[in-house]
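A structural walkthrough
Chain residues, written in single-letter form:
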Amino acid sequence: MKCKQCNEKAVFLNPKLCKKHFIEDFENRVKETIKEFNLVKKSDKIVVACSGGKDSTTILYLLKKFGANVEALSIDEGIVGYHNKTLKDLKGFCKEYKIKLKIYSFEDNIGKKLDNMIDKKSLPCTICGTFRRSLMNKYAKGYDKIATGHNMDDESQAVLMNLVNSNTDLLNHSVPITKKLKGFVQKIKPLYFIPEKEVAAYSLLKGFNVNFTECPYVNLSFRQGIRDKLNSYATRQMKTNILRKHLQVLSVLELNKQDYGKCSICGQPSKNKICRACELAKNLNKTKGRTNQ
Ligand code: SF4
């Protein structure tokens, strides 16, 4: 199979491109998203939320390559056999590319590793996501934006999950750039229109030392079911359509206009007196380590 732009062997089938043209095409499409949604300003100090996996490593690499002022931030949830491996890769990557890396853990902030918070009744991803988002926002203070490696598959799954669960409040999270809200560091997602398979191919072709191990809790997540269903029928174009239509609907609904106060325990933005992370920590009887700011 030949590349559609030259006579070299294609390394990817949709789009049918050789290594050189696939890499060029991939990088151009990420640049287009950055430009279309005005994700990055020259003066921005950006922190990339890194797990050490393919998606966040790719966006860390590309933002640096495109000339952005980037640093890396990782939250170690405390999942044995998973994040300890990816963190090792991330440390090596940041050293190689001379990128400043900061790592914070659930254990230091909440008093326990995720592995030790799980019981038969708990949904690991709910606990993990709530604490990770809270800590990420806390430690990203002082930066203009948090860049995440969410790709087209992640985002189309998130839109469907939130519709199925009637979580209309959360639909405004699935956007290439979040609105400026008091207390929140703006989030950007330059891989928003890039399919997961292409991010995997790009990271392999670039020779990034990333681990493809999946989190051991992924099979317990609601997302996994949605992911399997979506992948069983949705083409790349259908996933693009989901996201484009979602953005059109959001622009009409203006769901992003929400007022947040401050959590009375940790000071993070919250619609209630106590934020979800502190509420959860209280329920887990582990408020130790969460301090007012
Ligand atoms: Fe956390 Fe769930 Fe992701 Fe694992 S799959 S890292 S538990 S959100």
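Residues numbered from 1 in each chain as written. Predicted model: local features only at pLDDT ≥ 70, side-chain atom pairs only at ≥ 80, totals over all residues. Heavy atoms only, no water.

Examining the pattern of salt bridges
For the structure on display, the rule yields 14 salt bridges. A salt bridge links Glu198 to Arg29, with the nearest nitrogen and oxygen atoms 2.5 Å apart. Note that Glu198 is positioned in helix H7 (residues 196–205) and Arg29 in helix H1 (residues 19–36), a separation of 169 residues in sequence. For the pair Glu198 and Arg29, one class covers both residues: buried. Residues joined by salt bridges that share partners form a network here, namely Asp25, Arg29, Glu198 and Arg236. (Salt bridge = Lys/Arg side-chain N within 4 Å of Asp/Glu carboxyl O. Helix = DSSP H or I, 4+ residues; strand = E, 2+ residues; numbered from the N terminus. Buried < 20%, exposed > 50% of the residue type's maximum accessible area, 1.4 Å probe, protein only.)

What about the packing of helix H6 (residues 152–164) against helix H8 (residues 222–233)?
Geometry of a packed helix pair, given as the angle between the helix axes and the separation of the axes. The geometry of H6 relative to H8 is characterised by a closest axis approach of 9 Å and an angle of 115 degrees between their N-to-C directions. By the angle between their directions, the pair H6 and H8 is classed as roughly perpendicular. For the crossing formed where H6 meets H8, the hand is right-handed. Residues Asp153, Asp154, Ser156, Gln157, Ala158, Leu160, Met161 and Val164 of H6 form the contact with H8, whose own contacting residues are Phe222, Arg223, Ile226, Arg227, Leu230, Asn231 and Tyr233. Along the lines of polarity and charge, the residues of the contact of H6 with H8 split into 8 nonpolar, 3 polar and 4 charged. (Axes fitted to C-alpha atoms, helices over the stretch in contact; angles between N-to-C directions. Parallel < 35°, antiparallel > 145°, perpendicular 65-115°, else oblique. Left-handed = near helix turned anticlockwise from the far one by under 90°. Contact = heavy atoms within 4.5 Å. Nonpolar A, V, L, I, M, F, W, Y, C, P; charged D, E, K, R; others polar.)

Some details on the domain arrangement of the protein chain
Per the domain assignment, the segments of the protein chain are domain 1 (19–257) and domain 2 (259–293). Here the C-alpha centre of domain 2 lies 23 Å away from the C-alpha centre of domain 1. The junction of domain 1 with domain 2 conceals about 1500 Å² of combined surface from both sides, 56% of it contributed by carbon and sulfur atoms. Taken as a group, Ile110, Phe131 and Lys138 account for 27% of the area that domain 1 buries against domain 2, more than any other trio of residues on that side. (Domains from an automatic or database assignment. Buried area = accessible area lost by both parts, 1.4 Å probe.)

Let's talk about helix H3 (residues 83–96)
Compared with an ideal rise of 1.5 Å per residue, which puts 14 residues at 20 Å, H3 spans 20 Å between its outermost C-alpha atoms and is within 8% of the ideal. Those residues of H3 that sit buried are His83, Thr86, Leu87, Asp89, Leu90, Phe93 and Cys94. Taken down its axis, H3 places every buried residue within 160 degrees of arc, on the same side. Projecting away from the buried face of H3 at angles above 90 degrees are the exposed residues Lys88, Lys95 and Glu96. In the core, the buried residues of H3 are packed alongside helix H2 (54–65), strand E4 (69–76) and strand E5 (101–105). Positive backbone phi, at 55 degrees, marks Lys98, one or two positions downstream of H3. (Expected span 1.5 Å × (residues − 1). Arc of directions from axis to C-beta.)

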